[in-house]
Each structure stands twice: as structure tokens, then as C-alpha cells.
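Chains, contacts and geometry: an overview
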Amino acid sequence: MTRKIETFKPISDDQTRIYSCGPTVYNYAHIGNLRAYVFTDTLRRLLNWKGQTVTHVINITDVGHLTSDEDSGEDKMELASQSMEKDIWQIAEHFTQAFKNDLSQLNLLRPTLWSTATDHIHDMIAFAKTLERSGATYILETGLYFDTTKVPDYGSLALTPREGQEEGARVDPIAGKRNATDFAIWRRSPAVGKRQMEWMSPWGPGAPGWHLECSVMSMKYLGSRFDIHTGGIDHREIHHCNEIAQNQAYTSHAHSGANWWMHNNFLIDRSGKMSKSKGEFSTLTSLIAKGIHPLAFRLMCLSTHYRSELEFSLETLAGQLVRLKRLVGAISMLGLEVESKPWMRIPNEIRFSSGASFTYPRTVLEQTLSPHGKKLLDGFDREMSEDLMTPRALPFLDETIHHDKLNAEEKLRIIASMDLVLGMNLLGTRRCDLALRPKDVSLSASEVEALLAQRQQARRAKDFANADAIRDRLHTAGVEIMDGPKPSWEWRPLLH
RNA sequence: GGCCGGGUGGCGAAGCGGUCAAACGCUGAGGUCUGCAAAACCUUUAUUCGUGGGUUCGAAUCCCACCCCGGCCUCCA
């Protein structure tokens, strides 16, 4: 609440409760959205790694929200429904699945609980009734509103003085609102026309205000006081302030609900932040179509601190892919030197973790470490514990791989432990897994193999002109040839 | 208009008063390997931190001014 870094202390000794603002499922998540969940996953993994059991709730906002606060505004869910000619519920289902699929491709751990807004409408109505009883609300033609002066220190999270704010700088103000910062708790449906999603309520048929769901669901599953609330930085000024106001009015207490509010910064490009409403944006799927592996995106996120803006470009992403390939390649080489051991099952088992602490897997991985190994892990721990300083923690990975005083098995154990937090599946990924076939590439894999065989023949016959011609042809087609004791090849990502 | 935040090598990004002639990754350059390449590996790549002042024994780091850029004040991570 102070915008300062403070030492984290959970409410219960060894348990942390986290609520993360999830997506509104009216479209595919763009990679900027995804950055938020990489951050959240890293936070959760670190807490697990430090011995915490984590209860993690992420919500799915499947209630439509108006594009404008006015009655005439269009509902994003309704809009998507029209353009896709699908039922609004199908829209929500479709994009929810797409979102979860993205997360699993990024190797994110499942939250303890997915919480869907439309499953909690009656919880929201009950919550709103309590707000009404507390005297913090008032009724207008358009619905039930929250009076932000009824709560102590409204907006203190935002550091934005309420004076001087230009109400409706970008949108027409609602008639009758007592304060510029007041917001809707319940949106009454317009007299004419019916929305696909609307519910009966004491304030007439309509839909809950956007801020209501997070207060309701976080409290329902995590209690009125929990540890960490995460979200994008764009939520810091409005959404979270409103959420806090609701929490305060509901509990009749000045506490904001969560002890820590953490906000990740945006992924931006030359034109500014990525935004669904701008129309054009990159999705994980579009990256994959170019031949860029999702884990390269994860690495890119980790190479920047979560509170810094990340300047996105395909070139940078491709660079991270190269880095990942080298990491994974080097780790495979280490694996060649070590025979199969029971501890090697751990990285895979962790992928199905639902919140338990990593204490046991860590003790297995880290038993009998040398002082050198210990030092590397301590350094990694120190940086990660410093507000998730991933860009500083990452070099310890390279240092471990190149260390000249550690044997291969110890290196692998250390890397496996670090990867419990980094979540890049470093031991379970081979270099060849990372080279994805770009979607619009002309050759098929078997055609490549055939050309490669031809080239090998030409080489054996010392017909280098012909061999090189084939290599050039493959190169322009997006194929990289790697000769050696065992000749191989891989797809190059297609940029642009 | 109000309020936040940022400008560091070709790119991404750490650093936030001394150990900074600025971590780390990618790129580039040189080398090893190779028929030549690629991949891999090794070495190397900012006397300088938007501009101009100031504070200080000492500033990328603090202060002031200016110039750019982004975000929030509708929904968005």
C-alpha cells in the first residue's frame, strides 16, 4: 500500500493466499496479457520454493462489460457474440479454453482454483445488499452506485488526488453520480432491448459491475484478509481502488483486504502498450505460427523485471529462442554424462503441483551439494527473493552450466531446483522440441529429409557445388542444416 | 487538463551516491571445428548512461530546468 518494497510475511506461517485478476474472455489473450500470468506463476513458484503452501485463485470474467458507461454503450461480450455469430456463453467458453491452453503451453502451474464470474452472481447480489445496508451506495436510473466518499482514504493505492481529475476525459459522464470516482455495483438493463446475459436482482434485471466480482470471489475463497492480490498496472488506479473500497464497506474496516497489492507492468511495442481494443495484437498462437516456441516468450518475460515495461520485438524474442536453445542444448550435454537417477523424476512431477510447497522436492534435489553449488543457489535465492529479480537470477543458470568445479550431476540438480521457480522445463525439453515448423513454410518435413539425403550423396561424391545449392535452397525455405557426426536440421523462425 | 512512470551499447535489459572504463542475453567481430558453411565452444564488442545546469571529495544514480516517450483518469494484464 505504500508503493515500497517490504519484506513479505504471510498471515499464516507457511501458507500464502493469492488472488490474481484474470482475463475478460471476449477475445484471445494477447502476449501482453500473458505476461501478467507468467509473473503470477513465477511469484507462486517462488513462494512454493521458499516453503509456502499457496492457495492461488484466478478469476475468469465472463460477464460482459460495457464499452462505455452509457446506456448506449456496447457490451464487449455481446459484440463478440454478434461478430462470431455465436451464443454469448459459447464465446466465453471458447476464449476461456483458448486462454487456459495458452497458459499450459507456457508451462504455468494450474491455480488452485479457477473462479468464474457468472458462477457467482448470487454471491455478488448478497455482497451488494450488504454494501447497501452499510450505507455506501445509492440508486440511479442506471443502477446501483458506490459512493466513494463513504470509505476512508479512497484511492490511496493510486496516489491520485481526486481533485483535478477530469471526469469523463474520454467518455461521457453518467448523469446523477455524486462523485466522479463513484462506480457501478449493479448495472440495470436498459428499458428496451435485452442483453443475452442478465440476472434478476433487487435493483432490477441487469448485470454486476465489473469491480464487484473480484471483491466477492477473493473474499469467498481466501477470506476477508488474504496475502497478495496481483493484477496489471492498469488496475492500480481504478479497479483495485474500487475493489478496496468495496472490501472496506463490506467489512466495515479500513483494511484493504489484501496485505500486498502487486502490479506487473506492460509489454509494449513502438506504438505503445498492446491492447485488445486496438484490434491488432500478437497472440501466442501467432508466435507459434512463426516458429517461435512459447517457452522463448516465457524466457523473455523473465529477462525483464516484472515492474518494468518490456519493449517487445520479434527480433528480441527470436534472440531469447536462441538463448533457450543453447541452454537446453548445454543441459542435454550434461545429461549425457549422468546415468538415470530417481531425482530426475521431480521436474516432471512438479508440473502437476496444485499449490503444495516445494520443500520436499528441494531437499531431494539439493542434498549433498558442494560449497560451490550451495553458493550458486544462494545467489539465485537472494536475487529471486529481492522482489522477483529474475533478470539478475538468470545469470546464475549460465554460471552453473559453465562452472568448472562442479560435476555434471550436481549441476543438473542445481538447475532442476532453479527451474522449479523459473518454470522453463529445462530438463524436460530438448533442442529439437524448440524448433517449431513455421506455419507458412513451403516444405514438409519429409521433403526436407529427401533433399538432405540428396545433399549427403552429393557431398560424398565431392560434388560440393550441388550440395551447396541444395543447402541454399533449404536455407531460403527456412531450414537450418547442422552437419556434424550426426547430420541434422531444424526450422528457423520466420520473422515478420 | 490532472496524476504516475520512463529515456543506459546495434537490440532487450540490470544497475538507483563510491567496488561502474556499467551485470546478463541476443547481435556483430576474431578464433576452434568444417570441403566451405551452419550448429556448438572460446575470446571480444559503452572512457559512457536524453540535453543543460547544480549539490557532493565522488553522480547513470540526488536536485532544478528543458526535450522526447509511455501509462492511468471508459473496458483492458
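Sequence order sets the numbering: in each chain, residues are counted from 1 along the sequence as written. Following the order in which they are written, the chains are lettered starting with A and the ligands numbered starting with 1. A pLDDT threshold of at least 70 governs which residues receive local features in this predicted model, and a stricter bar of 80 or more applies before side-chain atom pairs are shown or counted, although totals over entire chains, interfaces and linings include all residues. Excluding hydrogens and water, the side-chain values take into account all heavy atoms of the structure.

**Observations regarding the overall build of chain A**
For the purposes of this entry, the term helix denotes a DSSP run of H or I that reaches at least four residues, the term strand denotes a run of E that reaches at least two, and both are numbered from the N terminus. The helix and strand tally for chain A stands at 18 helices and 14 strands. Radius of gyration here uses only the C-alpha atoms, and the compact-globule reference equals 2.2 Å multiplied by the residue count raised to the power 0.38. A globule of 496 residues ought to have a C-alpha radius of gyration of about 23 Å, and chain A, at 26 Å, matches this closely. Projected onto its principal axes, the C-alpha coordinates of chain A cover approximately 85 × 55 × 40 Å. A buried classification covers 53% of the 496 residues belonging to chain A. Pairs at least 24 residues apart make up 76% of the contacts formed inside chain A by residues separated by at least 6 positions. Note on areas: Shrake-Rupley, 1.4 Å probe, and residue coverage restricted to the protein chains presented here. In the form shown here, chain A has an accessible surface area of approximately 23,300 Å², with 51% of it arising from carbon and sulfur atoms. Treating the 59 positive side-chain charges of chain A as one cloud and the 62 negative ones as another, the clouds have centres 5 Å apart. Buried residues are those whose accessible area, probed at 1.4 Å on protein chains only, stays under 20% of the maximum for their type, while exposed residues exceed 50% and partly exposed ones sit between those limits. Whether two residues are in contact is decided by their heavy atoms: any pair within 4.5 Å suffices. Charged residues are defined here as Lys and Arg on the positive side and Asp and Glu on the negative side; His and the ends of the chain fall outside this count. By convention, the charge on Lys lies at NZ, on Arg at CZ, on Asp at CG and on Glu at CD.

**Quick look at the protein's contact with RNA strand B**
Around RNA strand B sit 65 residues in total, of which Lys76, Trp210, Gly232, His235 and Arg326 are the nearest. Under this definition, polar contacts are N or O atom pairs within 3.5 Å; protein pairs additionally need one hydrogen-donor-capable and one acceptor-capable atom, and for neighbouring residues in sequence, both atoms have to be side-chain atoms. For RNA strand B, a phosphate oxygen lies 2.8 Å from a polar atom in the side chain of Trp210. Backbone polar atom of Asp483 to a base nitrogen of RNA strand B: 2.9 Å apart, as the coordinates give it. The element best represented in the surface near RNA strand B is helix H9 (residues 314–336), accounting for five residues. Partitioning the surface near RNA strand B into residue classes produces 20 nonpolar, 23 polar and 22 charged. If a single non-hydrogen atom of a residue is within 4 Å of a molecule or strand, that residue counts as near it. Under the grouping applied here, Gly and all other residues not named as nonpolar or charged are polar, the nonpolar ones being Ala, Val, Leu, Ile, Met, Phe, Trp, Tyr, Cys and Pro and the charged ones Asp, Glu, Lys and Arg.

**A few points about the sheet that holds strand E8 (residues 226–232)**
If DSSP finds at least two bridges between two strands, the strands pair. With respect to topology, five strands assemble into an open sheet ordered E3-E2-E1-E8-E9, the strand pairing being parallel. The two strands at the open ends of the sheet, each matched to only one other strand, are strand E3 (113–116) and strand E9 (258–264). Going from strand to strand, the sheet's axes swing by 20° on average, the running direction of each strand aside. Between N-to-C directions, angles span 0 to 180 degrees; the directions come from axes that are lines fitted to C-alpha atoms, helices contributing only their stretch in contact.

**Digging into the packing of H9 against helix H15 (residues 408–422)**
Close contact between H9 and H15 brings their axes to 9 Å; oriented N to C, the two are set at 135°. The angle between the axes of H9 and H15 places the two elements in the oblique class. Crossing of H9 over H15 shows left-handed handedness. In this structure, H9 contributes Ile331, Leu334 and Gly335 to the contact, and H15 contributes Ala408, Lys411, Leu412 and Ile415. Note on terminology: angles under 35 degrees are roughly parallel, angles over 145 are roughly antiparallel, angles of 65 to 115 are roughly perpendicular, and the others are oblique. Each crossing gets its handedness from the near helix: less than a right angle anticlockwise from the far helix is left-handed, clockwise is right-handed.

**Some remarks on the nonpolar core**
The biggest cluster of nonpolar side chains holds 83 residues, and the ones touching the most others in it are Phe297, Phe312, Phe380, Leu397 and Met418. Here this core takes ten residues from helix H1 (residues 31–49), the largest share from any one element. Shared between two domains, this core takes at least three residues from each, and those domains are domain 1 (15–264) and domain 2 (314–432). Setting aside residues no more than four positions away along its own chain, Phe312 makes contact with Ile31, Leu267, Ile268, Asp269, Met274, Leu287, Met300 and Leu317. The term nonpolar core refers to a set of buried residues drawn from Ala, Val, Leu, Ile, Met, Phe, Trp, Tyr and Cys, joined through side-chain atoms within 4.5 Å. Residue ranges assigned to each domain were obtained from an automatic or database domain assignment.

**Section: the side chain of His56**
Looking at where His56 falls in the secondary structure, it is placed in strand E2 (residues 53–60). Separated by 2.8 Å, the side chains of His56 and Ser20 make a polar contact. Leaving out residues up to four positions away in the same chain, His56 has contacts with Ile18, Ser20, Thr40, Arg44, Pro111, Thr112 and Leu113.

**A word on the pairing of strand E14 (residues 488–491)**
The side chains of a regular strand alternate between both faces of the sheet. Sheet topology note: the strand E13 (residues 479–482)/E14 ladder contains four bridges and is antiparallel. Each bridged residue has a counterpart across the sheet, and for Met482 the counterpart in E14 is Ser488. Counted between consecutive antiparallel strands, the loop separating E13 from E14 contains five residues, among which Gly484 sits at a positive phi close to 150°.

**Quick look at the pattern of salt bridges**
For this analysis, a salt bridge means a side-chain nitrogen from Lys or Arg found within 4 Å of a carboxyl oxygen belonging to Asp or Glu. With the rule as written, the count across this model stands at 21 salt bridges. With its nearest N and O atoms 3.0 Å apart, the salt bridge here joins Glu409 to Arg413. Here Glu409 and its partner Arg413 are both found in helix H15, four residues apart, which amounts to about one turn of the helix. The buried category is assigned to Arg413, whose relative accessible area is 13%. Between Glu490 and Arg431 there is a salt bridge, with its nearest N and O atoms 3.0 Å apart. With a gap of 59 residues between them, Glu490 in strand E14 and Arg431 in helix H16 (residues 431–434) connect regions that are remote in the sequence. For Arg431, a relative accessible area of 30% puts it in the partly exposed group. Taken together, the salt bridges that share partners define one network made up of Asp41, Arg45 and Arg298.

**A look at H9**
Turn by turn, an α-helix covers 3.6 residues, leaving residues three or four places apart pointing in a common direction. Compared with the 33 Å implied by 1.5 Å per residue over 23 residues, the 33 Å span of H9 between its first and last C-alpha is a close match. Listing the buried residues of H9 in full gives Leu314, Leu317, Ala318, Gln320, Leu321, Leu324, Lys325, Leu327, Val328, Ile331 and Leu334. Along its buried surface, H9 packs onto helix H7 (284–289), helix H8 (294–302), helix H14 (395–402), H15, H16 and E14. Each residue after the first adds 1.5 Å to the expected span of a helix.

**Structural notes on the domain arrangement of chain A**
Looking at chain A, the domain boundaries give domain 1 (15–264), domain 2 (314–432) and domain 3 (439–491). With centres defined by C-alpha atoms, the gap from domain 1 to domain 2 works out at 36 Å. Taken together, the contact between domain 1 and domain 2 spans 19 residues of the former and 27 residues of the latter. For any pair of parts, buried area is found by adding up, for both, the accessible area (1.4 Å probe) each one loses once the two are put together. Between domain 1 and domain 2, the buried area comes to about 1,800 Å², and carbon and sulfur atoms account for 56% of it.

**Topic: the sheet that holds strand E5 (residues 143–146)**
The four strands lie next to each other as E4-E5-E6-E7, forming an open sheet whose pairing is antiparallel. Among the strands making up the open sheet, the edge pair consists of strand E4 (137–140) and strand E7 (206–208). Taking each pair of neighbouring strands and ignoring which way they run, the sheet shows an average axis angle of 25°. Summarising the sheet, strand E6 (residues 183–188) and E7 pair through three bridges and their orientation is antiparallel. What sits directly across from Arg187, in E7, is Ala207. Lying on the sheet, helix H4 (residues 121–133) is in contact with E4, E5, E6 and E7; it crosses E6 at an angle near 125°.

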